[in-house]
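Coordinate analysis (summary)
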Amino acid sequence: MSDLVCVGSITGSYGVRGEVRLKSFCAVPEDIEVYSPLTDDTGNERYPLVLTRQIKNGFAARLGGIETKEQADELKGLRLYARRDQLPSLPDDEFYHTDLIGLDVYDTGGTLLGSVKSVQNHGAADLLELHGPGLNSTVLLPFTREAVPTVDLEKGRIVADPPEGLL
């Protein structure tokens with residue numbers, strides 16, 4: 001398990017004074033500011049962060065050292081990370097998406113179905129995007145107790161009971 005958890009990303013510049021457009025992946029979106037300074041995926045580059053206003057699909061924010069629109073434009077696509085020890089601990093039945101990605105998924109009979117490529121949410125509930133050699137295309141598995149009765153982070157595996165006809 002990585003010591004860094006992705007909490008947001010830069011989607012572009014905002015205005016002409018070096019502000020960035022920020023998408024927060026936090027359960028309470030404003031909490032991203034609490035984890036400042038954030039880092040890149042290596043943990044080497046540090047970005048002090050201050051939210052300046054809420055905008056459509058996220059926030060406008062200032063990052064330390066970014067003064068111009070051109071500098072902000074260069075950061076588009078940058079994923080921002082917080083240290084795991086900065087984040088709140090989760091109840092037993094909740095998981096950080098980063099911890100689920102890459103886990104192998106088995107059915108209740110022990111057959112490997114694939115692995116988790118991403119975790120998506122289109123408004124109703126989280127979906128695990130599965131891919132693997134036995135699948136013709138990616139499959140979206142509802143991330144519910146019924147469809148995913150077991151997540152074992154220590155063993156790096158998920159046991160799934162997919163709805164009839166899904167696979």
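Shown above is the structure to which this text applies.
Here we summarise the structure given alongside this text. (Residues numbered from 1 in each chain as written. Predicted model: local features only at pLDDT ≥ 70, side-chain atom pairs only at ≥ 80, totals over all residues. Heavy atoms only, no water.)

**Here's the deal with unusual backbone geometry**
Geometrically, the link from S36 to P37 is a cis peptide bond, its omega value of 0 degrees lying close to zero. For P37, the location among the structural elements is in the loop between β2 (19–24) and β3 (38–39). Positive phi is not limited to glycine here, since N57 has a value of about 65 degrees. Of the residues examined, N57 reaches a relative accessible area of 65% and is grouped as exposed. (Helix = DSSP H or I, 4+ residues; strand = E, 2+ residues; numbered from the N terminus. Buried < 20%, exposed > 50% of the residue type's maximum accessible area, 1.4 Å probe, protein only.)

**Let's talk about the sheet that holds strand β12 (residues 150–152)**
Each strand in a sheet pairs with its neighbour through backbone hydrogen bonds, running either in the same direction (parallel) or in the opposite one (antiparallel). With mixed pairing, six strands are arranged side by side in an open sheet as β11-β10-β9-β8-β13-β12. In this open sheet, the two edge strands, each paired with only one partner strand, are β11 (139–142) and β12. Strand-to-strand twist across the sheet, computed as the mean angle between neighbouring axes with direction ignored, equals 35 degrees. One ladder, built from three bridges, connects β12 with strand β13 (residues 157–160); its direction is antiparallel. Bridge pairing links T150 to V159 in β13. (Pairing = 2+ DSSP bridges. Axes fitted to C-alpha atoms, helices over the stretch in contact; angles between N-to-C directions.)

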